[in-house]
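Here is what each chain is made of, one letter per residue.
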Amino acid sequence: MRTFALIGALLTALALFGASPPAAWWQPLRQLKAWHWNQKGQHAYRVNEHEKAKEAFQKARSIAGEHPVLRLNEGTALMALKQWQKAEQSLRAALKGFPPEQKREQAVAYYNLGNLYFAQNRWNDAAKAYIAALKRTPNDWDAKFNLELVLRRQKQPPNQQPQKPPPPPPPPPPVNEQQPLKNQLQGRLNAPWQGERDW
């Protein structure tokens, strides 16, 4: 009987001093609130309200703390706002936060970094980022295409101006819709950035 009491006391002491404290009851509510703000940010990003998206992602991060998905989303919104330095910091923080087995999320962060460097004409950095993305997701055709563009730019002599792009195709015939060309191109105008990620 004495042995059982001693073992029970020892287990109680280990539980009190060696175990981490139980999660507070409000933690799931905080996560839900952060998820809500993340969803609001995603919606704002999809309708091209990038400033609102950035603010929503930052609000979610202030609630949930440093979460790599939130940093990735924030960096993507900052890229759309052309705040390159802050976007790079957010994307690099996201890369540090993803565990090694989350290769898809890492690939998206590297792809967005490549786009960020591409927009700044930092060809070597862009090539490295796209290659890192392709190491994680080898069948990513967008990353392959962008890497090809970067490699072509690197081969151009520094004093040679890039060739002019071909003229845009003629507008479609008029229809009973206001600004039909804008509506048709809406999806393409968002192109090189990969969008935000959910939890």
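Please read these numbers as outputs of a predicted model, since none were measured by experiment.

Procedures and definitions
- Residues numbered from 1 in each chain as written.
- Predicted model: local features only at pLDDT ≥ 70, side-chain atom pairs only at ≥ 80, totals over all residues.
- Heavy atoms only, no water.
- Core = buried A, V, L, I, M, F, W, Y, C linked by side-chain atoms within 4.5 Å.
- Buried < 20%, exposed > 50% of the residue type's maximum accessible area, 1.4 Å probe, protein only.
- Helix = DSSP H or I, 4+ residues; strand = E, 2+ residues; numbered from the N terminus.
- Phe/Tyr/Trp six-rings, centres within 6.5 Å; stacked < 30°, edge-to-face > 60°.
- Lys NZ or Arg CZ within 6 Å of the ring centre and 35° of its normal.
- Expected span 1.5 Å × (residues − 1).
- Contact = heavy atoms within 4.5 Å.
- Axes fitted to C-alpha atoms, helices over the stretch in contact; angles between N-to-C directions.
- Parallel < 35°, antiparallel > 145°, perpendicular 65-115°, else oblique.
- Left-handed = near helix turned anticlockwise from the far one by under 90°.
- Nonpolar A, V, L, I, M, F, W, Y, C, P; charged D, E, K, R; others polar.
- Salt bridge = Lys/Arg side-chain N within 4 Å of Asp/Glu carboxyl O.
- Arc of directions from axis to C-beta.

**Student:** Quick question: what am I supposed to make of the nonpolar core here?
**Tutor:** Buried together is how nonpolar side chains tend to be arranged in soluble globular proteins. Membership of the largest hydrophobic core comes to 25 residues, with the highest contact counts inside it found for Leu72, Leu91, Leu113, Leu116, Tyr117, Tyr130 and Val150. Where this core is concerned, the elements lending two or more residues are α4 (68-80), α5 (84-97), α6 (103-119), α7 (123-136) and α8 (141-155). With seven residues, α7 is the single largest residue contributor to this core. Among the nonpolar cores identified, the runner-up in size contains five residues, and Ala44, Tyr45, Phe57 and Ala77 belong to it.

**Student:** Even after reading the chapter, I still don't get the packing of aromatic side chains, so can you show me in this structure?
**Tutor:** As enumerated under the stated definition, the model contains two aromatic pairs in all. Taken together, a centroid distance of 5.8 Å and an interplanar angle of 55° make the contact between Tyr111 and Tyr130 tilted. Residue Tyr111 is found in helix α6, and its partner Tyr130 is found in helix α7; the two are separated by 19 residues along the sequence. Accessibility classification places Tyr111 together with Tyr130 in one group, the buried group. Here Phe118 and Trp123 contribute two aromatic rings whose centre-to-centre distance is 5.2 Å and whose plane-to-plane angle is 80°, an arrangement assigned as edge-to-face. Residue classification places Phe118 among the partly exposed positions, given a relative accessible area of 22%. Positioned above the aromatic ring of Trp141, the side-chain terminus of Lys144 is 4.2 Å from the ring centre.

**Student:** How do you make sense of α7 when you look at a structure like this?
**Tutor:** Residues that lie three or four places apart on an α-helix share one face, since the helix turns once every 3.6 residues. Taking 1.5 Å per residue as the helical rise, α7 with its 14 residues ought to reach 20 Å, and the 20 Å between its terminal C-alpha atoms agrees with that figure. Burial in α7 covers these residues: Trp123, Ala126, Ala127, Ala129, Tyr130, Ala132, Ala133 and Leu134. Buried residues along α7 sit in contact with α6 and α8.

**Student:** Explain the environment of Thr76 here, please?
**Tutor:** In this structure, Thr76 sits in helix α4. Classification of Thr76 by relative accessible area gives buried; the value is 0%. For Thr76 and Tyr45, which are 31 residues apart along the polypeptide, the C-alpha to C-alpha distance reads 9.0 Å.

**Student:** What's the story with the packing of α4 against α6 in this structure? I'm lost.
**Tutor:** What describes two packed helices is the angle between their axes and the distance between those same axes. Where α4 contacts α6, the two axes come as close as 11 Å, and the packing angle between them is 20°. Classified by the angle their axes make, α4 and α6 are roughly parallel. Regarding α4 and α6, the two cross each other, and that crossing is left-handed. Across the interface between the two elements, Leu72, Thr76 and Met79 from α4 touch Val108, Ala109, Asn112, Asn115 and Leu116 from α6. A class-by-class count of the residues in the contact of α4 with α6 yields five nonpolar, three polar and no charged.

**Student:** Sorry if this is basic, but what is going on with unusual backbone geometry here?
**Tutor:** For Asn48, which is not glycine, the phi dihedral falls at a positive 65°. Note on placement: Asn48 falls in the loop between α2 (27-46) and α3 (50-64). In the Ramachandran plot, Lys82 falls in the positive-phi region, its phi being about 60° despite a non-glycine side chain. Structurally, the position occupied by Lys82 is in the loop between α4 and α5.

**Student:** How do you make sense of the pattern of salt bridges when you look at a structure like this?
**Tutor:** Close approach of charged atoms lets side chains of opposite charge pair. Following the criterion strictly, the structure yields ten salt bridges and no others. Residues participating in the shared-partner salt-bridge network are Arg61, Glu66, Arg71 and Glu74.

**Student:** Looking at this model, I keep getting lost on α5. Mind explaining?
**Tutor:** In this model, α5 (14 residues) spans 20 Å end to end at C-alpha, consistent with the 20 Å of a helix rising 1.5 Å per residue. All buried positions along α5 are accounted for by Ala87, Glu88, Ser90, Leu91, Ala94 and Leu95. The arc that holds the buried residues of α5, viewed along the axis, is 165°, so those residues lie on one side. Turned more than 90 degrees from where α5 packs its buried face, Gln85 and Lys96 sit exposed. Buried-residue contacts for α5 involve α4 and α6.

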